[in-house]
Amino acid sequence: STVPESIISAPSLQYLFIQDGKIKGNFDFIARMPMIREVRMDFNLDLIGQIPTTIGQVSSLTSISLTGTGLVGELPTELGLLSDLHTLYLYQTGLTGTVPSEIGNLDNLEIFHAEFTNLSGEVPFEVCSLRNESSLISLEMDCIGGIECDCCTLCF
């Protein structure tokens with residue numbers, strides 16, 4: 001089933017953890033949750049579509065975990081607007097394209113894991129700068145098979 005409207009429209013909901021829940025549909029509902037701080041939707045294989053560009057409007061987000069979902073497409077540059085984001089788990093998804101340089105704007109980002117995806121290209125200098133000069137302590141990518149990363153803490 002989809003995430004119930006009563007949950008999406010709860011005005012003060014800050015934490016949404018639905019893991020292994022057989023959630024279907026897309027992730028577009030996130031833009032309608034202005035107070036949400038943490039989202040964990042791991043291992044909902046029928047959570048499909050793309051991460052919406054409107055995610056950048058949800059400035060309260062501190063943690064996103066979409067591991068093992070059916071999400072595809074490119075990472076939206078609007079992720080770089082989430083200035084309070086500390087953790088970003090996107091591994092075991094069908095995400096494609098490159099890591100946007102805008103993720104380098106996330107000065108509070110501590111953990112970014114995107115291994116076992118279809119991402120390619122090079123991890124941007126701006127993201128590596130977070131690793132070298134800021135709070136990013138864990139950066140995991142598919143740097144053995146698909147992505148070039150000089151600053152990753154762990155390569156798969």
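The paragraphs below set out a description of the structure included in this document. (Residues numbered from 1 in each chain as written. Predicted model: local features only at pLDDT ≥ 70, side-chain atom pairs only at ≥ 80, totals over all residues. Heavy atoms only, no water.)

Details of the pattern of salt bridges
Rules: Salt bridges, as used here, are contacts in which a Lys or Arg side-chain nitrogen is within 4 Å of a carboxyl oxygen on Asp or Glu. Counting from the N terminus, the helices are DSSP H or I runs at least four residues long and the strands are E runs at least two residues long. Relative accessibility thresholds used throughout: buried, under 20% of the residue-type maximum; exposed, over 50%; partly exposed, between the two (1.4 Å probe, protein chains only).
With the rule as written, the count across this model stands at two salt bridges. Here E5 makes a salt bridge to R32, at a shortest N to O gap of 2.5 Å. Of this pair, E5 sits in helix α1 (residues 5-8) while R32 sits in the loop between β1 (15-17) and β2 (38-40); the two residues are 27 residues apart in sequence, bridging distant segments of the chain. Of the residues examined, E5 reaches a relative accessible area of 46% and is grouped as partly exposed. Of the charged contacts, one joins R40 and E38 as a salt bridge, the two residues approaching to 3.3 Å between their closest N and O atoms. The class of R40 is partly exposed, set by a relative accessible area of 32%. On the basis of relative accessibility, which here comes to 18%, the residue E38 falls in the buried class.

Some details on the nonpolar core
Going by this rule: In plain words, nonpolar cores are sets of buried Ala, Val, Leu, Ile, Met, Phe, Trp, Tyr and Cys residues tied together by side-chain atoms within 4.5 Å. The contact definition used throughout considers only heavy atoms, calling two residues in contact when any of these lie within 4.5 Å.
Membership of the largest hydrophobic core comes to 46 residues, with the highest contact counts inside it found for F27, M41, L61, I103, F112 and L139. In this structure I103 touches L75, L79, G80, L88, L109, F112, V127 and L130, once residues within four positions along its chain are discounted.

Notes on the packing of aromatic side chains
Formally: Aromatic pairing here means that ring centres of Phe, Tyr or Trp (its six-membered ring) are within 6.5 Å. Orientation follows from the plane angle: under 30 degrees is stacked, over 60 is edge-to-face, and everything else is tilted. Throughout this description, the term charge over a ring refers to an Arg CZ or Lys NZ atom that lies within 6 Å of the ring centre and within 35 degrees of the ring normal.
Under the counting rule described, the total for this entry stands at four aromatic pairs. Measuring from ring centre to ring centre gives 6.3 Å for Y89 and Y91, while their planes differ by 80°; the resulting arrangement is edge-to-face. For Y91, a relative accessible area of 24% gives the class partly exposed. The side chain of R40 reaches across the aromatic face of F17, ending 4.4 Å from its centre.

What about the pairing of strand β5 (residues 70-74)?
Applicable threshold: At least two bridges found by DSSP between two strands is the condition for calling them paired.
With two bridges joining them, strand β3 (residues 48-49) and β5 adopt parallel strand pairing. Bridged to G49 within β5 is L71. Direction of pairing for β5 relative to strand β7 (residues 94-97): parallel, over a ladder of three bridges. Considered in β7, the bridge of V72 is made with G94.

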